[in-house]
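# Architecture and fold: a report
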Amino acid sequence: ETEPMKTPAPNTNIAFGNRLSAIRNESERRRTLVNQDRSQAALVRSAAIIESFRFLERVERLIGDFVDDLASVLSPDLQAAHRFFDGRYESGARLEERVTDAAGRVQRSFSRLVFLLEPDSTQGTFTVECRITVRNRDHESVVWTAQMDDEGLATLRAFLEQRSLAFAQAWCADGARLHD
(Lines give C-alpha, C1' and ligand atoms only; values in the text may rest on other atoms or scores of the structure.)
Protein backbone atom coordinates (compact mmCIF):
# COMPACT_ATOMS: atom_id res chain seq x y z
CA GLU A 1 0.00 0.00 0.00
CA THR A 2 1.21 3.54 0.63
CA GLU A 3 3.82 4.67 3.07
CA PRO A 4 2.85 7.21 5.73
CA MET A 5 3.72 10.81 4.88
CA LYS A 6 7.02 11.77 6.34
CA THR A 7 7.13 14.89 8.41
CA PRO A 8 8.55 17.84 6.52
CA ALA A 9 12.17 18.68 7.06
CA PRO A 10 12.70 21.36 9.74
CA ASN A 11 13.47 24.08 7.22
CA THR A 12 10.30 23.34 5.15
CA ASN A 13 7.38 25.69 5.49
CA ILE A 14 4.67 24.13 7.71
CA ALA A 15 1.86 25.42 5.48
CA PHE A 16 3.51 23.80 2.48
CA GLY A 17 3.79 20.49 4.38
CA ASN A 18 0.10 20.68 5.29
CA ARG A 19 -0.83 21.20 1.64
CA LEU A 20 1.29 18.21 0.63
CA SER A 21 -0.48 16.10 3.27
CA ALA A 22 -3.87 17.29 1.98
CA ILE A 23 -2.90 16.37 -1.60
CA ARG A 24 -1.80 12.93 -0.52
CA ASN A 25 -4.96 12.38 1.54
CA GLU A 26 -7.13 13.42 -1.43
CA SER A 27 -5.19 11.07 -3.69
CA GLU A 28 -5.75 8.16 -1.27
CA ARG A 29 -9.46 9.01 -1.03
CA ARG A 30 -9.76 8.98 -4.86
CA ARG A 31 -7.85 5.69 -5.10
CA THR A 32 -10.24 4.14 -2.59
CA LEU A 33 -13.25 5.37 -4.60
CA VAL A 34 -11.78 4.03 -7.85
CA ASN A 35 -11.16 0.62 -6.25
CA GLN A 36 -14.73 0.59 -4.94
CA ASP A 37 -16.03 1.48 -8.42
CA ARG A 38 -13.94 -1.31 -9.96
CA SER A 39 -15.26 -3.80 -7.40
CA GLN A 40 -18.83 -2.70 -8.10
CA ALA A 41 -18.28 -3.00 -11.87
CA ALA A 42 -16.85 -6.51 -11.38
CA LEU A 43 -19.95 -7.50 -9.40
CA VAL A 44 -22.23 -6.17 -12.14
CA ARG A 45 -20.26 -8.10 -14.81
CA SER A 46 -20.38 -11.26 -12.72
CA ALA A 47 -24.16 -10.96 -12.23
CA ALA A 48 -24.62 -10.50 -16.00
CA ILE A 49 -22.53 -13.60 -16.72
CA ILE A 50 -24.56 -15.66 -14.24
CA GLU A 51 -27.80 -14.48 -15.88
CA SER A 52 -26.46 -15.42 -19.33
CA PHE A 53 -25.75 -18.96 -18.06
CA ARG A 54 -29.29 -19.19 -16.67
CA PHE A 55 -30.66 -18.08 -20.04
CA LEU A 56 -28.42 -20.61 -21.80
CA GLU A 57 -29.84 -23.39 -19.61
CA ARG A 58 -33.40 -22.37 -20.56
CA VAL A 59 -32.46 -22.36 -24.25
CA GLU A 60 -30.84 -25.77 -23.93
CA ARG A 61 -34.00 -27.21 -22.35
CA LEU A 62 -36.03 -25.90 -25.31
CA ILE A 63 -33.61 -27.48 -27.78
CA GLY A 64 -33.77 -30.77 -25.86
CA ASP A 65 -37.57 -30.75 -26.07
CA PHE A 66 -37.48 -30.22 -29.85
CA VAL A 67 -34.85 -32.94 -30.30
CA ASP A 68 -36.95 -35.38 -28.28
CA ASP A 69 -40.01 -34.57 -30.41
CA LEU A 70 -38.03 -34.99 -33.64
CA ALA A 71 -36.62 -38.33 -32.50
CA SER A 72 -40.07 -39.63 -31.62
CA VAL A 73 -41.44 -38.73 -35.05
CA LEU A 74 -38.51 -39.07 -37.48
CA SER A 75 -36.15 -41.68 -36.13
CA PRO A 76 -35.31 -43.08 -32.71
CA ASP A 77 -31.67 -43.07 -33.85
CA LEU A 78 -31.62 -39.26 -33.81
CA GLN A 79 -29.29 -38.54 -30.87
CA ALA A 80 -28.93 -35.41 -28.79
CA ALA A 81 -25.50 -33.83 -29.20
CA HIS A 82 -23.69 -31.29 -27.04
CA ARG A 83 -20.16 -29.97 -27.39
CA PHE A 84 -18.04 -26.89 -27.82
CA PHE A 85 -17.35 -26.00 -31.43
CA ASP A 86 -15.71 -22.96 -32.97
CA GLY A 87 -15.62 -21.16 -29.60
CA ARG A 88 -19.35 -21.62 -29.04
CA TYR A 89 -21.53 -24.15 -27.26
CA GLU A 90 -23.34 -26.46 -29.67
CA SER A 91 -26.59 -28.20 -28.83
CA GLY A 92 -28.80 -30.20 -31.14
CA ALA A 93 -29.13 -33.61 -32.76
CA ARG A 94 -27.17 -35.88 -35.06
CA LEU A 95 -28.09 -38.96 -37.02
CA GLU A 96 -25.94 -41.43 -38.92
CA GLU A 97 -27.83 -43.87 -41.07
CA ARG A 98 -27.34 -46.31 -43.90
CA VAL A 99 -29.35 -45.42 -46.95
CA THR A 100 -29.99 -47.64 -49.97
CA ASP A 101 -29.93 -45.69 -53.22
CA ALA A 102 -31.97 -46.44 -56.37
CA ALA A 103 -29.28 -48.83 -57.63
CA GLY A 104 -29.47 -50.83 -54.39
CA ARG A 105 -26.11 -49.63 -53.05
CA VAL A 106 -25.87 -48.99 -49.32
CA GLN A 107 -24.33 -45.66 -48.39
CA ARG A 108 -23.72 -43.98 -45.09
CA SER A 109 -25.30 -40.61 -44.56
CA PHE A 110 -25.04 -37.97 -41.91
CA SER A 111 -27.78 -35.58 -40.81
CA ARG A 112 -27.71 -32.91 -38.14
CA LEU A 113 -29.70 -30.08 -36.66
CA VAL A 114 -27.38 -28.07 -34.45
CA PHE A 115 -27.59 -24.72 -32.77
CA LEU A 116 -24.40 -22.81 -31.99
CA LEU A 117 -25.17 -20.74 -28.89
CA GLU A 118 -23.40 -17.49 -28.13
CA PRO A 119 -24.53 -15.41 -25.15
CA ASP A 120 -23.09 -11.88 -24.84
CA SER A 121 -23.45 -10.85 -21.23
CA THR A 122 -22.02 -7.36 -21.87
CA GLN A 123 -24.76 -6.55 -24.42
CA GLY A 124 -27.46 -8.74 -22.87
CA THR A 125 -27.97 -10.51 -26.20
CA PHE A 126 -28.07 -14.12 -27.27
CA THR A 127 -27.08 -15.24 -30.76
CA VAL A 128 -27.95 -18.63 -32.24
CA GLU A 129 -26.65 -20.01 -35.51
CA CYS A 130 -28.61 -22.98 -36.83
CA ARG A 131 -26.85 -25.45 -39.11
CA ILE A 132 -28.75 -28.17 -40.90
CA THR A 133 -27.28 -31.08 -42.83
CA VAL A 134 -29.57 -33.69 -44.36
CA ARG A 135 -28.01 -36.87 -45.69
CA ASN A 136 -24.62 -35.26 -46.28
CA ARG A 137 -26.06 -32.09 -47.87
CA ASP A 138 -25.55 -28.84 -45.98
CA HIS A 139 -28.37 -26.34 -45.98
CA GLU A 140 -27.90 -22.61 -45.53
CA SER A 141 -27.10 -21.53 -41.97
CA VAL A 142 -29.49 -19.13 -40.29
CA VAL A 143 -28.52 -16.73 -37.49
CA TRP A 144 -30.89 -15.27 -34.89
CA THR A 145 -30.13 -12.67 -32.20
CA ALA A 146 -32.35 -11.29 -29.43
CA GLN A 147 -32.22 -9.90 -25.93
CA MET A 148 -31.77 -12.31 -23.03
CA ASP A 149 -35.20 -11.82 -21.50
CA ASP A 150 -38.60 -13.52 -21.56
CA GLU A 151 -39.59 -11.86 -24.84
CA GLY A 152 -36.29 -12.93 -26.41
CA LEU A 153 -36.84 -16.47 -25.17
CA ALA A 154 -40.31 -16.53 -26.74
CA THR A 155 -38.95 -15.46 -30.13
CA LEU A 156 -36.11 -17.96 -29.76
CA ARG A 157 -38.64 -20.72 -29.14
CA ALA A 158 -40.39 -19.78 -32.40
CA PHE A 159 -37.02 -19.75 -34.20
CA LEU A 160 -36.09 -23.19 -32.81
CA GLU A 161 -39.47 -24.58 -33.83
CA GLN A 162 -39.21 -23.15 -37.34
CA ARG A 163 -35.69 -24.55 -37.82
CA SER A 164 -36.71 -27.95 -36.38
CA LEU A 165 -39.62 -28.11 -38.82
CA ALA A 166 -37.30 -27.10 -41.68
CA PHE A 167 -35.00 -29.99 -40.72
CA ALA A 168 -37.91 -32.44 -40.54
CA GLN A 169 -39.29 -31.30 -43.88
CA ALA A 170 -35.89 -31.58 -45.62
CA TRP A 171 -35.17 -34.96 -44.00
CA CYS A 172 -38.55 -36.42 -44.99
CA ALA A 173 -38.43 -34.98 -48.53
CA ASP A 174 -34.94 -36.37 -49.05
CA GLY A 175 -36.04 -39.74 -47.68
CA ALA A 176 -39.00 -39.81 -50.08
CA ARG A 177 -36.62 -39.04 -52.96
CA LEU A 178 -34.40 -41.97 -51.94
CA HIS A 179 -37.33 -44.39 -51.91
CA ASP A 180 -38.87 -43.31 -55.24
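The present account deals with the structure reproduced in this document. Remember, predicted model here, so these are calculated numbers, not experimental data. What you see as residue numbers is a count from 1 along each chain, following the sequence as written. Per-residue local features are limited, in this predicted model, to residues with pLDDT of at least 70; the limit for side-chain atom pairs, both in listing and counting, is 80 or more; totals at the level of whole chains, interfaces and linings are taken over all residues. Note that the side-chain values use all heavy atoms of the structure and ignore hydrogens as well as water.

Each patch is built from residues lacking any salt bridge and having more than 30% relative accessible area; the joining distance is 9 Å for like charges and 5 Å for nonpolar side chains (Val, Leu, Ile, Met, Phe, Trp, Tyr). Every accessible area reported is derived by Shrake-Rupley at a probe size of 1.4 Å, with residue values counting cover from the shown protein chains alone. Each reported salt bridge corresponds to a side-chain nitrogen of Lys or Arg within 4 Å of a carboxyl oxygen of Asp or Glu. Together, Phe16, Leu20 and Ile23 make up an exposed nonpolar region whose accessible area comes to about 290 Å². Secondary structure counts use DSSP, requiring at least four H or I residues in a row for a helix and at least two E residues in a row for a strand, with both numbered from the N terminus. By the secondary structure assignment, Leu20 is in helix α1 (residues 14-73).

The next subject is the pairing of strand β3 (residues 106-120). Here a strand pair is declared whenever DSSP counts at least two bridges between the two strands. Sheet analysis places strand β2 (residues 88-100) next to β3, joined by 12 bridges and oriented antiparallel. Looking across to β3, one finds that Glu96 is bridged to Phe110. Connecting β2 to the antiparallel partner β3 that follows it, the hairpin turn spans 5 residues, and Gly104 within it adopts a positive phi of roughly 90 degrees. Both β3 and strand β4 (residues 125-134) contribute to a ladder of 9 bridges, which runs antiparallel. If you follow Pro119 over to β4, its bridge partner there is Phe126. In textbook terms, the turn of a hairpin is the stretch between consecutive antiparallel strands, and for β3 and β4 this stretch comprises 4 residues, one of which, Gly124, has a positive phi near 75 degrees.

With that settled, the discussion passes to the nonpolar core. In this description, a nonpolar core means a group of buried Ala, Val, Leu, Ile, Met, Phe, Trp, Tyr and Cys residues linked to one another through side-chain atoms lying within 4.5 Å. Burial classes: relative accessible area under 20% of the type maximum marks a residue as buried, over 50% as exposed, and values in between as partly exposed (1.4 Å probe, protein chains only). Core analysis: the biggest nonpolar cluster contains 32 residues, and Phe115, Leu117 and Phe167 have the highest contact counts within it. Tallying contributions element by element places α1 first for this core, with 9 residues. Setting aside chain neighbours within four positions, we find Phe167 in contact with Leu70, Leu74, Leu78, Ser111, Arg112, Leu113, Ile132, Thr133 and Val134. Contacts between residues were defined by any pair of non-hydrogen atoms, one from each residue, lying within 4.5 Å.

Looking now at the packing of aromatic side chains. When two rings of Phe, Tyr or Trp (its six-membered ring) have centres within 6.5 Å they constitute a pair, described as stacked for plane angles under 30 degrees, edge-to-face for angles over 60, and tilted for the intermediate range. Inspection of the entire model under this criterion finds 3 aromatic pairs. Between Phe84 and Tyr89, the ring centres sit 5.2 Å apart and the planes meet at 65 degrees, which makes this aromatic pair edge-to-face. In this structure Phe84 comes out as exposed when scored by relative accessible area, which is 68%. Judged by its relative accessible area of 18%, Tyr89 is buried.

Under the counting rule described, the total for this entry stands at 11 salt bridges. One connected set of salt bridges, linked through shared partners, spans Asp86, Arg88, Glu129 and Arg131.

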